Amino acid sequence: ERSPQEDVLGLLAVLRMKRGDSAEAERLYRLGAERFPHADKWEKSLASVYLQTGEKRKLRDSLRRLAGFDHDSWVFRKKLLELAIEAEDFEDAIHWGTEALQIDVTDAEVHARLGEALGACEKSDAAIAELQAAVKLAPHEIDWQLTLAEMFLRAGRREQAAQVLEELLAKYPNQEQAKRLLKRAER
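Residues numbered from 1 in each chain as written. Predicted model: local features only at pLDDT ≥ 70, side-chain atom pairs only at ≥ 80, totals over all residues. Heavy atoms only, no water.

**A look at the nonpolar core**
Then comes step 1: Residues Tyr29, Leu63, Trp144, Leu148 and Leu165 are the most contacted members of the largest nonpolar core, which totals 59 residues.
Then comes step 2: Counting residues per element, this core draws most heavily on helix α9 (residues 142-154), which supplies seven residues.
Then comes step 3: When neighbours within four sequence positions are excluded, Leu63 is seen to be in contact with Ala47, Phe76, Lys79, Leu80 and Leu83. (Core = buried A, V, L, I, M, F, W, Y, C linked by side-chain atoms within 4.5 Å. Buried < 20%, exposed > 50% of the residue type's maximum accessible area, 1.4 Å probe, protein only. Helix = DSSP H or I, 4+ residues; strand = E, 2+ residues; numbered from the N terminus. Contact = heavy atoms within 4.5 Å.)

Below, the structure written as structure tokens:
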């Protein structure tokens, strides 16, 4: 292992992972990343290990490094956005969501998640704008419409909240959460 061959090292790590020895696979992939830093395949393999083992902190670190390798990959940034929201690291979520949208502005889910993160940081106007974009791109997503209405209510914009909810109830008249929010908006 002092001077491992790249292909052999990769194959050995894959075999260890298939046998369920994720710790050894991680060690071998780390060795590959140290010895062959020009290839991002080692970091991708480490991310795969962390995804399988549920080690979210390590996964975030690995995906950050991958995002540094590949400035055009929204996949890494979208996953980093999701992990940051899950960790309630909303400033980091805003960073990765913004970067993801710079690559693919048509990703409705990224708009919605970015809106969620902005709302958590009390940036209501920006959160509303992102949620409106998400709803426009994916009008069938009821949860995003409800979140948009809630954001309007938090911002004191009751009429706009009521409008969103009335449109939602016109399509889905039995949507109980929308009915409750509409009552709040009409108070």
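**Side note on the pattern of salt bridges**
Then comes step 1: One pass over the structure, following the stated rule, counts 21 salt bridges.
Then comes step 2: Between Asp92 and Arg60 there is a salt bridge whose closest N-O contact spans 2.7 Å. Within this pair, whereas Asp92 is found in helix α6 (residues 90-103), its partner Arg60 is found in helix α4 (residues 56-69), the two being separated by 32 residues in sequence.
Then comes step 3: Residue class for Asp92 comes out buried when judged on its relative accessible area of 15%. (Salt bridge = Lys/Arg side-chain N within 4 Å of Asp/Glu carboxyl O.)

**Details of helix α5 (residues 74-86)**
Then comes step 1: In a regular helix each residue adds 1.5 Å, so 13 residues correspond to 18 Å; α5 covers 18 Å between its end C-alpha atoms and thus fits that length.
Then comes step 2: Among the residues making up α5, those that are buried are Phe76, Arg77, Lys78, Leu80, Leu81, Leu83, Ala84 and Ile85.
Then comes step 3: Packed against the buried residues of α5 are α3 (41-53), α4, α6 and α7 (108-120).
Then comes step 4: The N-cap residue of α5 is Ser73: its side-chain oxygen and the backbone nitrogen of Val75 are 3.5 Å apart.
Then comes step 5: Positioned one or two residues after α5, Glu88 has a phi angle of 60 degrees, which is positive. (Expected span 1.5 Å × (residues − 1). Polar contact = N/O pair within 3.5 Å; in protein donor to acceptor, adjacent residues only side chain to side chain.)

**A closer look at the layout of surface pockets**
Then comes step 1: The volume enclosed by the largest pocket comes to roughly 170 Å³.
Then comes step 2: If you trace the largest pocket, you find it lined by Gln132, Val135, Pro139, Gln145, Leu148, Phe152, Gln160, Gln163, Val164, Glu167 and Lys171.
Then comes step 3: No other element matches helix α10 (residues 158-171), which puts five residues into the lining of the largest pocket. (1 Å grid on protein atoms, 1.4 Å probe; cavity = no way out; pocket = protein on both sides within 12 Å on 5 of 7 lines; lining within 4 Å. Points joined across faces, edges and corners; volume = space filled by probe spheres on them.)

**Comments concerning α9**
One full turn of an α-helix is made of 3.6 residues, so residues set three or four places apart face in the same direction.
Then comes step 1: In this model, α9 (13 residues) spans 18 Å end to end at C-alpha, consistent with the 18 Å of a helix rising 1.5 Å per residue.
Then comes step 2: Regarding α9, the residues found buried are Trp144, Gln145, Leu146, Leu148, Ala149, Met151, Phe152 and Leu153.
Then comes step 3: Buried-residue contacts for α9 involve α7, α8 (124-137), α10 and α11 (176-186).
Then comes step 4: Once α9 ends, the next one or two residues include Gly156, with phi positive near 80 degrees.

**So, the packing of aromatic side chains**
Each aromatic ring pair is summarised here by two numbers: the centre-to-centre distance and the angle between the ring planes.
Then comes step 1: In total, this model carries two aromatic pairs according to the counting rule given.
Then comes step 2: Consider the rings of Phe36 and Trp42, whose centres lie 6.0 Å apart with planes at 20 degrees: the pair is stacked. Taken as a pair, Phe36 and Trp42 share a single burial class, namely buried.
Then comes step 3: Aromatic ring contacts, followed pair by pair, group Tyr29, Phe36 and Trp42 into a single cluster. (Phe/Tyr/Trp six-rings, centres within 6.5 Å; stacked < 30°, edge-to-face > 60°.)

**Looking at the environment of Arg157**
Then comes step 1: Positionally, Arg157 belongs in the loop between α9 and α10.
Then comes step 2: As for Arg157 and Arg60, which are separated by 97 residues in sequence, their C-alpha atoms are 36 Å apart.
Then comes step 3: Filtering out sequence-adjacent residues up to four positions away, Arg157 remains in contact with Asp125, Ile128 and Phe152.

**Concerning unusual backbone geometry**
Then comes step 1: Phi angles above zero are rare outside glycine, and Glu88 is one such case at about 60 degrees.
Then comes step 2: Along the chain, the position of Glu88 falls in the loop between α5 and α6.
Then comes step 3: Positive phi, normally seen in glycine, also occurs at Glu122, with a value near 60 degrees.
Then comes step 4: As for its placement among the helices and strands, Glu122 is situated in the loop between α7 and α8.
Then comes step 5: For Glu122, a relative accessible area of 63% gives the class exposed.

**Re the packing of α6 against α7**
Then comes step 1: Two elements in contact, α6 and α7, have axes whose closest approach is 9 Å; the angle formed by their N-to-C orientations is 150 degrees. It follows from the interaxial angle that α6 and α7 lie roughly antiparallel. The hand of the α6/α7 crossing is left-handed. Contact residues: Phe90, Ala93, Ile94, Gly97, Thr98, Ala100 and Leu101 in α6; Val110, His111, Leu114, Ala117, Leu118 and Ala120 in α7. (Axes fitted to C-alpha atoms, helices over the stretch in contact; angles between N-to-C directions. Parallel < 35°, antiparallel > 145°, perpendicular 65-115°, else oblique. Left-handed = near helix turned anticlockwise from the far one by under 90°.)

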